[in-house]
Amino acid sequence: MDALRVAPLALLCLLPVVPYLTYAPDGSLPPLNAPVYAVLTLALLLPLLWRRPLAVFAVVSLVSFAQWAAQIEVLPANMAVLVALWSVVYQCAFRWALAALMVAELGVFLALVQWDTPTLGMFTTSTIFVMALWLTGLYASTRRRYLEGLEERAERAERERDQQARMAAAAERARIARELHDVVAHNVSVMVVQADGAGYAIDSDPEQARQAVRTISRTGREALAEMRRLVGVLRQDDGGTDYTPQPGLAQLDELVRAAGVPARLRVTGRRTELTEGKQLAVYRIVQEALTNALKHGGPGVRAQVELRYSGPELVVRVTDDGRGAAAPATETGGHGLVGMRERVTMYGGAVTAGPRAGGGFEVLARLPTAESKAA
């Protein structure tokens, strides 16, 4: 890449080599010969391959000053001073760019004094050319640093977003573990009560004892299924476990009525009995979706909650006719979608959320109703 950058200037130095070497300037400046021209050209061009702009500018400027002191005619390769000047302005601090500009202006003045009788117009024209190059490099440097700042901020924002997502997922797992603790504790309590009842009735009422044993068997399977999923969200006990019973599908009507937005609940299909863990997941999904509609839907928003039992799965669909994704993002701590995905994924389901084609927002979750059999 460095060679390609220097190639145009090198080609410029090669094109006029024959007429330039045969040119005899007027006055006291001696004509150039081929060896001197080649040595000076290489001395001015080769430093441009060095990736230290201040050192390159210093070397090229010193070679040009030695050329001036030896009263050697100005060469096309002296344009290397301007190339080095642009590199200093582009890559170095402003004080070095300003110092390089002063050196380049001094070089222009010395070249005009040696080459011809300088006039104000000649010096002004040369200064305008050098200043235009200097300002171009300054603009490019400012633009580069601005883009680097944007990239750095974007990377930092991405890292913070990932960290917040991980923190939200960890907090949601902790809450799920606490809630599943209640579910499993309830199932175990039912098993204990039924076992005690079966023990009392085994002699006097064998049929009631058999019914109690069946209940123990069914409840035990449900508890084992919940315990298997609990392994994925285990956490260290924070000492603040709340043993209050958790809500389920029976509390959905009350949740919809108290949502804060006009909402309607619709249940279709043949109802299937769900474990308490899945009922809690459905309840939390509907709660989060209605909360989002209240916060982001805007004035006059209306929502609809639909539970559709469709064969081996339960489809939970919450829609609203508000602004949805078009609402301004005034809060940065919302991770409700992360929590929904954590809950549904734990039961082998999936959830999607996004704006609807006709306006509004939609949350769609699918949960399997049948329990997966252990291998």
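Coordinates for the structure precede this section.
Just so you know, these numbers come straight off a predicted model, no measurement behind them. Starting from 1, residues in each chain are numbered consecutively following that chain's sequence as written. In view of the model being predicted, local features appear only for residues whose pLDDT reaches at least 70, and side-chain atom pairs are presented and counted only at 80 or more, with totals across whole chains, interfaces and linings using the full set of residues. Heavy atoms throughout the structure, all of them, feed into the side-chain values; hydrogens and water do not.

## Observations regarding the sheet that holds strand β1 (residues 263-268)
Then comes step 1: Spatially, the five strands line up as an open sheet ordered β1-β2-β3-β5-β4, and their pairing is mixed. The sheet is open, and its two edges are formed by β1 and β4 (350-355), each paired on a single side. In this sheet, neighbouring strand axes are inclined to one another by 10° on average, regardless of whether the strands run parallel or antiparallel.
Then comes step 2: Strand direction decides the pairing type here: β4 and strand β5 (residues 361-368), joined by six bridges, are antiparallel. What sits directly across from Ala350, in β5, is Arg366.
Then comes step 3: Here, two residues are considered to be in contact whenever any of their heavy atoms come within 4.5 Å of each other. Between N-to-C directions, angles cover 0 to 180 degrees, with each direction set by a line fitted to C-alpha atoms, over the stretch in contact for helices. Runs of E in the DSSP output that reach at least two residues are strands. Runs of H or I that reach at least four are helices, and both are numbered from the N terminus. Seen against the sheet, helix α10 (residues 276-296) touches β1, β2 (303-310), β3 (313-320) and β5 and runs at an angle of roughly 175° to β5. When DSSP locates at least two bridges between a pair of strands, those strands are taken to pair.

## Things to note about the nonpolar core
Then comes step 1: In this structure, Leu252, Val282, Val286, Leu290, Leu307 and Val316 are the most contacted members of the largest nonpolar core, which totals 31 residues.
Then comes step 2: Contributing elements (two or more residues each) for this core: α9 (252-257), α10, β2, β3, α11 (336-346) and β5.
Then comes step 3: Ranked by residues supplied to this core, first place goes to α10 with seven residues.
Then comes step 4: Contact partners of Leu290, with chain neighbours within four places excluded, come to Leu255, Val256, Ala259, Ala263, Ala303, Val305 and Val318.
Then comes step 5: Residues Leu44, Val63, Cys92 and Leu112 belong to the second largest nonpolar core, which totals 28 residues. Take the buried Ala, Val, Leu, Ile, Met, Phe, Trp, Tyr and Cys residues and link them wherever side-chain atoms come within 4.5 Å; each set so joined is a nonpolar core. Buried, partly exposed and exposed residues are distinguished by accessible area as a fraction of the type maximum, computed with a 1.4 Å probe on protein chains only: under 20%, between the cut-offs, and over 50%, respectively.

## Topic: the environment of Gly311
Then comes step 1: For Gly311, the position within the fold is in the loop between β2 and β3.
Then comes step 2: In this structure Gly311 comes out as exposed when scored by relative accessible area, which is 59%.
Then comes step 3: Sequence spacing of Gly311 and Thr369 is 58 residues, and the spatial spacing of their C-alpha atoms is 8.3 Å.

## A look at the packing of helix α4 (residues 53-69) against helix α5 (residues 80-91)
Then comes step 1: Here α4 crosses α5 at 155°, and the two axes come no closer than 9 Å. Between α4 and α5, the angle falls in the class roughly antiparallel. You can see that α4 and α5 cross each other, and the crossing is left-handed. Listed contacts from α5 to Pro53, Leu54, Val56, Phe57, Val60 and Ser64 of α4 are Ala80, Val81, Ala84, Leu85, Ser87, Val88 and Gln91.
Then comes step 2: Considered class by class, the residues forming the contact of α4 with α5 number 10 nonpolar, three polar and no charged. For this classification, under 35 degrees means roughly parallel, over 145 means roughly antiparallel, 65 to 115 means roughly perpendicular, and everything else is oblique. Left-handed describes a crossing whose near helix is turned anticlockwise from the far helix by less than a right angle; the clockwise case is right-handed. Amino acids outside the nonpolar list (Ala, Val, Leu, Ile, Met, Phe, Trp, Tyr, Cys, Pro) and the charged list (Asp, Glu, Lys, Arg) are all regarded as polar, and Gly is one of them.

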